[in-house]
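Per-entry structural report
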Amino acid sequence: MTMRWRSLLTAGVLAFGLAGCAGVYKSPAADRSVRLDDTPRIAVISAFQPELTLLLNRLQRPAKHSVNGVEFTTGTLEGKPVVLFLSGISMTNATMNTQLVLDRFRVTHIVFSGIAGGVNPQLHVGDVTVPAQWGQYLEVLMARETAPGKFIAPPFITDATLPNFGMMHPRPVEVRSAAHPQIVRKFWFEADPKMLEVARSIRSVDLANCSAGKCLARKPQLVIGGNGVSGQAFMDNKAYREYTYKTFQANVLDMETAAVGMVAYSNGVPYIAFRSLSDLAGGGEGENEMGTFMGIAADNSAKVMLAFLAAWK
């Protein structure tokens, strides 16, 4: 056998061996069966660091774990075993990392604590909302303009039945679960009724109206029930805020909770979200208020969430 043929044969055997191995090897980090902790825990999620600071300061017996760059901290809050982590901002991060915590920890319930934009004109900065259901309001059809200001959906899209905002026609999302493996389209993802009932029992949380020398004009209130919506855009537009309230009767909007609700639904895990208004999503006078009142809102949400954990049996 010539040297040339030996080289070709060796290369072919190596290529065949590598092809046979492709898709077989899995690193331990990629193995979803590897749990980092077997204690039944409540997953406590916030989107970004300022929302989680007060909770981390209250956490007892903290222990840190890291997966895919996400830091999970286990411990106890108000006597309840929990795992705290940041979802990251926006829908994809929230979806991915909520599934990650369910894969790696023994999660019994999911709780979200953070800030939001106010949509209901009866609510004010600093108020804490606990919606009964969440929808993805930016899951939309971008419709064709058939005449000036007239936008029409293609005939094969039959689920864009909610009122449109210009070319944007809201639609439900496709979802399935172990309990319902057939794909269905669903707009609202309901918070767990038992968790919502406990939230309704909260009475004595002292919500702050001042922080770092900045004060709100009124004492914040706790509002249980109603609707929340989420989407992958920071919303600071008065007209779209008014449309969102009219169309979805939403109290608040954010960039994560409906995604968490969808993952919770698909996995059959109860969830609830506590969101405090840091701004009015474009409805306030002057520039957006988030930079001024984010600290008050984040702490108020965390306070109510801690009161919920204390009351949870």
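Refer to the structure presented above.
Residues numbered from 1 in each chain as written. Predicted model: local features only at pLDDT ≥ 70, side-chain atom pairs only at ≥ 80, totals over all residues. Heavy atoms only, no water.

Moving on, we get to the pattern of salt bridges. Taken as a whole and judged by the stated rule, the model has twelve salt bridges. A salt bridge links Lys 64 to Glu 71, with the nearest nitrogen and oxygen atoms 3.3 Å apart. Residue classification places Lys 64 among the exposed positions, given a relative accessible area of 55%. A residue is classified by how much of its surface remains accessible, and Glu 71, at 44% relative accessible area, is partly exposed. Shared partners join several salt bridges into a network, and the residues in it are Glu 51, Asp 254, Glu 256 and Arg 275. (Salt bridge = Lys/Arg side-chain N within 4 Å of Asp/Glu carboxyl O. Buried < 20%, exposed > 50% of the residue type's maximum accessible area, 1.4 Å probe, protein only.)

Taken together, the buried positions of helix H4 (residues 193-200) are Met 195, Leu 196, Val 198 and Ala 199. Along H4, the residues classed as buried sweep out an arc of 160° about the axis, all on the same side. Of the exposed residues in H4, those oriented more than 90 degrees away from the buried face are Pro 193, Lys 194 and Glu 197. The N-cap residue of H4 is Asp 192: its side-chain oxygen and the backbone nitrogen of Lys 194 are 3.3 Å apart. (Helix = DSSP H or I, 4+ residues; strand = E, 2+ residues; numbered from the N terminus. Arc of directions from axis to C-beta. Polar contact = N/O pair within 3.5 Å; in protein donor to acceptor, adjacent residues only side chain to side chain.)

Turning our eyes to something else, we now look at the packing of helix H3 (residues 91-104) against helix H6 (residues 257-267). The N-to-C vectors of H3 and H6 enclose an angle of 35°; their axes lie 8 Å apart at closest approach. In the crossing of H3 with H6, the sense of the turn from one axis to the other is right-handed. Taken together, the residues of H6 that come into contact with H3 (itself represented by Met 91, Ala 94, Thr 95, Thr 98, Gln 99 and Leu 102) are Ala 258, Ala 259, Val 260, Val 263 and Asn 267. Its residues assigned to classes, the contact of H3 with H6 shows seven nonpolar, four polar and no charged. (Axes fitted to C-alpha atoms, helices over the stretch in contact; angles between N-to-C directions. Left-handed = near helix turned anticlockwise from the far one by under 90°. Contact = heavy atoms within 4.5 Å. Nonpolar A, V, L, I, M, F, W, Y, C, P; charged D, E, K, R; others polar.)

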